[in-house]
Amino acid sequence: GVDAPRLFDAMAGVAQSRLDEFHAQALANTAWAFATAGVDAPRLYSAIATATRARLSEFNAQGLANTVWAYATARVDSPRLFDAIATAAQPRLGEFNPQ
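None of these values were measured; they are calculated from a predicted model.

**Q** Got a sec to walk through the packing of aromatic side chains? Specific residues and values, please.
**A** Scanning the model with the defined rule gives 2 aromatic pairs in all. Note on Y45 and Y71: the rings are 5.2 Å apart at their centroids and 70 degrees apart in plane angle, and the pair reads as edge-to-face. Residue Y45 is found in helix α3 (residues 42–54), and its partner Y71 is found in helix α4 (residues 61–73); the two are separated by 26 residues along the sequence. Accessibility expressed as a relative area gives 3% for Y45, which makes it buried. Under the relative-accessibility criterion, Y71 is labelled buried at 0%.

Shown next, in the form of C-alpha cells:
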C-alpha cells in the first residue's frame, strides 16, 4: 500500500463525513482509489457500502463494476453490498463491456 497513513486517514475522515454529497461516480472512485492505494479503511468502506446501496439506481455499469472491483481488491467483506449490486446489475447486463 501507500506509505502515507496520516494523509489517507484524513482523507477517509473527510470523505466519510461528506458521502451524502457524493454522486455515484464519486462513491465508486473513492472506493477504487483507496483499494488501488492498498489502504485499510474499514469505516470508510462500510459507509461507502451503505451510501452505494441507497443510490444504486444512480450508478452506471462502469460504476457498479468499479465498486465491486474495489471491494474485492481491498478484500472487504460486504455481502449486502455485493447482493444489492448483483440484483441491480442483472437486468442491465447488456450495458457492461468486457475490457
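Once the structure has been displayed, the description carries forward.
**Q** Now, about the pattern of salt bridges: what can you tell me, with residues and values included?
**A** All told, the structure shown has 3 salt bridges when counted by the stated rule. Among the salt bridges present, the one from R18 reaches E21, with a minimum N-O distance of 2.8 Å. One salt bridge connects R92 with E95, and the closest N-O pair in it is separated by 3.1 Å. Relative accessible area serves as the criterion here: at 19%, R92 is assigned to the buried category.

**Q** Account for unusual backbone geometry, with residues named and values stated.
**A** The residue R75 is not glycine, and still its phi comes out positive at about 55 degrees. Among the structural elements, R75 can be located in the loop between α4 and α5 (79–89). Assessed through its relative accessible area of 77%, R75 is described here as exposed.

**Q** So what's going on with the side chain of S78? Which residues, and what values?
**A** Locating S78 in the fold gives a position in the loop between α4 and α5. Classification of S78 as buried rests on a relative accessible area of 10%. Among all residues touching S78, those that are not within four sequence positions of it are A49 and Y71.

**Q** Can you explain the environment of I48? Please cite residues and give values.
**A** Inspection of the secondary structure assignment puts I48 in helix α3. For the pair I48 and L27, spaced 21 residues apart in the sequence, the C-alpha separation amounts to 6.4 Å. With sequence-adjacent residues up to four places away left out, I48 is seen in contact with L19, L27, T30, A31 and Y71.

Criteria and thresholds
Residues numbered from 1 in each chain as written. Predicted model: local features only at pLDDT ≥ 70, side-chain atom pairs only at ≥ 80, totals over all residues. Heavy atoms only, no water. Phe/Tyr/Trp six-rings, centres within 6.5 Å; stacked < 30°, edge-to-face > 60°. Helix = DSSP H or I, 4+ residues; strand = E, 2+ residues; numbered from the N terminus. Buried < 20%, exposed > 50% of the residue type's maximum accessible area, 1.4 Å probe, protein only. Salt bridge = Lys/Arg side-chain N within 4 Å of Asp/Glu carboxyl O. Contact = heavy atoms within 4.5 Å.

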